[in-house]
Amino acid sequence: MSTKKTIPIKLASAVREEDVEERLLREGWKRLTTIGEPRLSEIAEAYRGMGFEVHVESYKTEGDGCTTCLDTDQEMGKVIGTVYTRRSAKPQQEDELF
């Protein structure tokens, strides 16, 4: 039996979404993608495995672009998040296999 693995998403506060992204970019984060589960967890784990810090923000509709697919997925209960990464300040541990 497989267990479903999901990553925690920080809930947005009353701060506007643009302010959150601006703050993250100032802190050195790079916006990678907005995507739903299960790929969201896979991307986050892959970047953590490469030594990156990973931050995921809950998806919110923004701007004038077409967001129909993401909005529909979210209405159906799919978890969608925006992935941000930055280089870790901690040194990466050696891989035991190499």
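The structure under discussion appears in the preceding block.
None of these values were measured; they are calculated from a predicted model. Within each chain, residue numbers correspond to sequence positions counted from 1 in written order. Given that the model is predicted, a residue must reach a pLDDT of at least 70 before its local features are reported, and side-chain atom pairs must reach 80 or more before they are shown or counted; all residues, however, enter totals for whole chains, interfaces and linings. Working from all heavy atoms in the structure, the side-chain values ignore hydrogens and water.

J.: Help me get a handle on the pattern of salt bridges, residues and values and all.
T.: What makes a salt bridge here is a side-chain nitrogen of Lys or Arg within 4 Å of a carboxyl oxygen of Asp or Glu, nothing more. This structure, assessed with the given rule, holds 6 salt bridges. Of the charged contacts in the structure, one is a salt bridge between E45 and R48, with a shortest N-O distance of 2.9 Å. Highlighted residues: E45 and R48, both in helix α2 (residues 39-49), separated by 3 residues, approximately one helical turn. When its relative accessible area of 34% is taken as the criterion, E45 is described as partly exposed. Judged by its relative accessible area of 36%, R48 is partly exposed. Across the pair D73 and K78 runs a salt bridge whose closest N-O atoms are separated by 3.9 Å. Each residue gets one of three labels from its accessible area relative to the maximum for its type: buried under 20%, exposed over 50%, partly exposed in between, using a 1.4 Å probe on protein chains only. Judged by its relative accessible area of 25%, D73 is partly exposed. Judged by relative accessible area, K78 falls into the partly exposed class, the value being 37%. Numbering of helices and strands runs from the N terminus; a helix is a DSSP stretch of H or I covering at least four residues, while a strand is a stretch of E covering at least two.

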